[in-house]
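Structural overview
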Amino acid sequence: MPHDTPPHAALEQTTRDLARARAHLSATQAYARALTSPPMSARELIALGTASQVPTRYRNHNGYLLRWDDEGFLFDPGEGTQRQMIYAGVTTAAITRICITHFHGDHCLGLAGISQRISLDRVPHTVHVYYPGSGQVYYERLRQASIFHDVALVEPHPISAPGEIHADAKLTLSTLPLEHGVEAWGYRLQERDSRTMLPDRLAAAGVRGPAVRRLMLDGQIVVDGRTVLLDEVSVHRRGQSVAFVMDTRVCDNAVALARDVDLLICESTYLDCDADKAHDHGHLTAAEAARIAAAAGARKLVLTHFSQRYTSVEPFVAEAQQYFDNVVAANDGDTIAVPPRA
Ligand SMILES: [Zn+2]
Ligand SMILES: [Zn+2]
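Residues numbered from 1 in each chain as written. Chains lettered and ligands numbered in written order. Predicted model: local features only at pLDDT ≥ 70, side-chain atom pairs only at ≥ 80, totals over all residues.

The helix and strand inventory of the protein chain stands at ten helices and 18 strands. For the protein chain, the proportion of its 342 residues judged to be buried stands at 40%. Look at the contacts in the protein chain between residues 6 or more apart in sequence, and 67% of them connect residues 24 or more apart. (Helix = DSSP H or I, 4+ residues; strand = E, 2+ residues; numbered from the N terminus. Buried ≥ 20, exposed ≤ 12 C-beta atoms within 10 Å, placed from the backbone. Contact = placed C-beta atoms within 7 Å.)

Here it is, written out as structure tokens:
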């Protein structure tokens, strides 16, 4: 009699093959999405990895690239970030600043590979790296983890105090301490407020050509003997903002970082049924992340940094939506636009 049931060993092999095929399909789909997605907006988040502590079959260690005009902010590059960037169609040349919240491995192990790759690719611009000052030794180990010909233009910025760590004509980058048991900093990117010129009012006031730029710089200009004020011919334009809150208990600084931001990227390692564990290990639940977003008046919440104990992120979104409507759970390879100004 033929035996229809495969032997036990063959069944195990089939199960392993199926799991491998699933993982391959998932990676291929992410790569295809990156290749076929429409032209990317100038300001968007690319989730390179969304797992806390250990990578899983479907989630890489942390890693997030925020494209912002001509800048690229790489947040918390965990192990495998270099390969995840390839899947996402992102090159090292896109990175201008690397922001590390703390030196647990899932937030920094990728710095070794990324900095060597920056060197190998001869990235022509300086890449600034921000990290907790007490972790200087870890920074140095990761920067020089193994033999390579180091020609990377990498400038370290150990953080020693809260506040602004970078400011230019267009934006500021600031940081506040979080509560995680080890030194950990959250980040906030803030575009400077500006003004939108109103063409019809400019025309009515007789301001044209180079005079428009002069008016923007000086706040007023004299045209045909009349003083035209900037306020008369333009309206206030609120700067966009993004907050990155990773690995913390609920704390006031998480809310302060996220105050009125357009996009809040927030860890939600646990569900509320494991709130005790979250508190003990210095982490957030999905409900806590949502309450932070609501208290801060954020516009959109991205949940990430999921514990491997959960098989689905759907309950995270459902739990968060009890407190905050506009929420998504990040998956590896996702691209999430910074919401346009209202
Ligand atoms: Zn973590
Ligand atoms: Zn941590």
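Turning next to the confidence of the model for the protein chain. Note that predicted coordinates carrying low pLDDT should not be read in detail. Per-residue confidence for the protein chain gives a mean pLDDT of 91, with 88% of residues at or over 70. Per-residue pLDDT stays below 50 along residues 31-40; that stretch engages in ten contacts with residues further than four places along the chain or on separate chains. (pLDDT = per-residue confidence, 0-100.)

Read across the sheet, seven strands follow the order 6-5-4-3-2-1-18 without closing on themselves; strand pairing throughout is mixed. Looking at strand neighbours, the two that pair on one side only are strand 6 (154-159) and strand 18 (335-337), the edges of this open sheet. The sheet shows a mean angle of 20 degrees between the axes of neighbouring strands, taken without regard to direction. Sheet analysis places strand 1 (residues 43-49) next to strand 18, joined by three bridges and oriented antiparallel. Bridge assignment links Ile 46 to a residue of strand 18, and that residue is Thr 335. Of the strands in this sheet, strand 1 and strand 2 (63-68) are in contact with helix 2 (residues 81-88), which crosses strand 1 at around 125 degrees. (Pairing = 2+ DSSP bridges. Axes fitted to C-alpha atoms, helices over the stretch in contact; angles between N-to-C directions.)

Before going further, it helps to spend a moment on the sheet that holds strand 9 (residues 185-191). Strand order across the open sheet formed by seven strands is 7-8-9-14-15-16-17, with mixed pairing between neighbours. The open sheet terminates on both sides in strands that have one partner only, identified here as strand 7 (163-167) and strand 17 (327-329). When strand polarity is set aside, the average angle formed by the axes of neighbouring strands in this sheet is 20 degrees. Looking at chain direction, strand 14 (residues 241-245) and strand 15 (residues 263-267) are connected through four bridges and run parallel. Counterpart to Phe 244 in the pairing with strand 15 is Ile 265. Sitting on the sheet, helix 9 (residues 286-296) is in contact with strand 15, strand 16 (301-304) and strand 17, with an inclination near 150 degrees to strand 15.

Moving on, we get to the environment of Arg 192. Examined against the element boundaries, Arg 192 turns out to sit in the loop between strand 9 and strand 10 (194-197). Residue Arg 192 is classed as partly exposed on the basis of its 13 C-beta neighbours within 10 Å. In the structure, Arg 192 is positioned 47 residues away from Gly 239 in sequence and 5.0 Å away in space, judged by C-alpha atoms. Not counting the four nearest positions on each side in its chain, Arg 192 is found in contact with Lys 170, Leu 171 and Gly 239.

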